[in-house]
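Now for the letters of each chain:
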Amino acid sequence: MIKATQLSYIYPGQDHAAVNNISFTVNRGEIFGFLGPSGAGKSTTQKVLIRLLRGYQGNVSIDTNELRSLTQDYYNHIGVGFELPNHYPRLTALENLKFFASFYRNKNSNLMQLLEMVGLHQEADKPTSAFSKGMKMRLNFVRALVHDPEILFFDEPTSGLDPINARKVKNIILDLRARGKTIFLTTHNMHDAAELCDRVAFITQGKISLTDSPRNLKLQHGTRKLTLEYGNGQTISREFALDKLGENPEFINLIKNEYIQSIHSAEASLEEVFIKTTGERLV
């Protein structure tokens, strides 16, 4: 659905590229994560893909069509959830959605349903100037869905949300994928990326260093061992190699005869893989 080849972008007045000769593909119907710290080039790449930034070098195609050649109709096919919420403060939540929906050919006939999806239906008639940051973020998120686009770009979609509302947003993103939508997700939240993304690309200093599925990355960079905690009252911890675990008599004896408190495999977290492969931390 999206293919970038040797994509570079230099901001006017700068002598170095914010995005430097990167190539990647996003398959139709997948969630593709663009992961990196602040200033890595994530948002710049997204702004190129949604045509907020022109004058890039290299090639970008959207569903086999060169991005440079697309008309204004392109915006009828994409939805964008920006990192920072931007609404008309004197308009209510519902009025904001109606206003932005009016820009598109395909208009959602049930905007209240969108508000209900993120728990804002009871605040539909309140001006957004009275909204908290989290409420604005949720409204910002569903605004990207008002025209039922084929491709969605989300920049830090759970930023500023409490765990309950972050869970709602993540469930909606997973549901959108199940409906065949293509989702480009930029974030430095490795927990969200590991949970949501089919594949991820690590980007630092404008360059992509690695692309793979979160599962593959965690398994490749983890340790093939298991930690077993057992005991009644006192906790005893033992480590076992995963290879031929079912033939290990000590492990089998503990499982059969001891009170098991917990069992943990030792695959790496996505953040640990990122630090190991890029040498940078997520800040």
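J.: Explain the sheet that holds strand 13 (residues 260-266) here, please?
T.: Reading across from one edge, 12-11-13 is the order of the 3 strands in this open sheet, with antiparallel pairing throughout. Looking along the sheet, the strands with just one partner apiece sit at the ends: strand 12 (236-241) and strand 13. Direction aside, neighbouring strands of the sheet carry axes that sit 20° apart on average. In the sheet, strand 11 (residues 223-230) pairs with strand 13 via 6 bridges, with the strands oriented antiparallel. Looking across to strand 13, one finds that Thr-227 is bridged to His-264. Along the sheet, helix 8 (residues 249-257) makes contact with strand 11, strand 12 and strand 13, crossing strand 11 at roughly 35°.

J.: Help me understand the pattern of salt bridges, please; the structure alone is not making it clear to me.
T.: Scanning the model with the defined rule gives 13 salt bridges in all. Its salt-bridge partner being Lys-181, residue Asp-148 comes within 2.9 Å of it at the nearest N-O pair. With a gap of 33 residues between them, Asp-148 in the loop between helix 4 (133-143) and strand 7 (151-155) and Lys-181 in the loop between helix 5 (163-178) and strand 8 (182-187) connect regions that are remote in the sequence. Note on Lys-181: relative accessible area 9%, which makes it buried. Lys-170 is the salt-bridge partner of Glu-195, the closest N and O atoms lying 3.1 Å from each other. Residue Glu-195 is located in helix 6 (residues 190-196), and its partner Lys-170 is located in helix 5; the two are separated by 25 residues in the primary sequence. Here Lys-170 falls in the buried class, since its relative accessible area comes to 11%. Members of the salt-bridge network, linked through shared partners, are Arg-167, Lys-170, Asp-192 and Glu-195.

J.: I keep staring at the side chain of Thr-182 and nothing clicks. Help me out?
T.: Here Thr-182 is to be found in strand 8. Taking the relative accessible area as the measure of exposure, Thr-182 reaches 1% and is therefore buried. Looking at Thr-182, its side chain comes within polar contact range of the main-chain nitrogen of Gly-29, at 2.9 Å. In this view, Thr-182 contacts Met-1, Val-26, Asn-27, Arg-28, Gly-29, Glu-30, Glu-150, Ile-151 and Leu-152; residues no more than four positions away in its chain are not counted.

J.: Sorry if this is basic, but what is going on with the sheet that holds strand 6 (residues 78-81) here?
T.: Backbone hydrogen bonds hold the strands of a sheet together, and the pairing may be parallel or antiparallel. An order of 6-7-8-3-9-10 is seen for the 6 strands of this open sheet, with the pairing classed as mixed. A single partner strand is all that each edge strand has here, and the edge strands are strand 6 and strand 10 (207-212). Neighbour-to-neighbour, the strand axes of the sheet open up by a mean angle of 15°, direction not taken into account. Where strand 7 meets strand 8, 5 bridges bridge the pair, whose relative direction is parallel. Bridge pairing links Phe-153 to Phe-184 in strand 8.

J.: Honestly, the packing of aromatic side chains in this entry has me stumped. Any pointers?
T.: Each pair of aromatic rings is reported with the distance of its centres and the angle of its planes. Under the counting rule described, the total for this entry stands at 17 aromatic pairs. The interplanar angle of 40° and the centroid separation of 6.3 Å between the aromatic rings of Phe-32 and Phe-34 together place this pair among those described as tilted. Residues Phe-32 and Phe-34 agree in their burial class; the two are buried. Ring geometry for Phe-202 versus Phe-274: centroids 4.9 Å apart, planes at 70°, classification edge-to-face. Of this pair, Phe-202 sits in strand 9 (residues 199-204) while Phe-274 sits in helix 9 (residues 270-278), and the two are 72 residues apart along the sequence. In this structure, Phe-202 and Phe-274 share a single accessibility class: buried. Each member of the aromatic cluster is reached from another via a ring pair, and the members are Phe-24, Phe-32, Phe-34, Phe-153 and Phe-184. Note that Arg-143 overlies the ring of Phe-100, its terminal NZ or CZ placed 4.2 Å from the centroid.

About the cut-offs
- Residues numbered from 1 in each chain as written.
- Predicted model: local features only at pLDDT ≥ 70, side-chain atom pairs only at ≥ 80, totals over all residues.
- Heavy atoms only, no water.
- Pairing = 2+ DSSP bridges.
- Helix = DSSP H or I, 4+ residues; strand = E, 2+ residues; numbered from the N terminus.
- Axes fitted to C-alpha atoms, helices over the stretch in contact; angles between N-to-C directions.
- Contact = heavy atoms within 4.5 Å.
- Salt bridge = Lys/Arg side-chain N within 4 Å of Asp/Glu carboxyl O.
- Buried < 20%, exposed > 50% of the residue type's maximum accessible area, 1.4 Å probe, protein only.
- Polar contact = N/O pair within 3.5 Å; in protein donor to acceptor, adjacent residues only side chain to side chain.
- Phe/Tyr/Trp six-rings, centres within 6.5 Å; stacked < 30°, edge-to-face > 60°.
- Lys NZ or Arg CZ within 6 Å of the ring centre and 35° of its normal.

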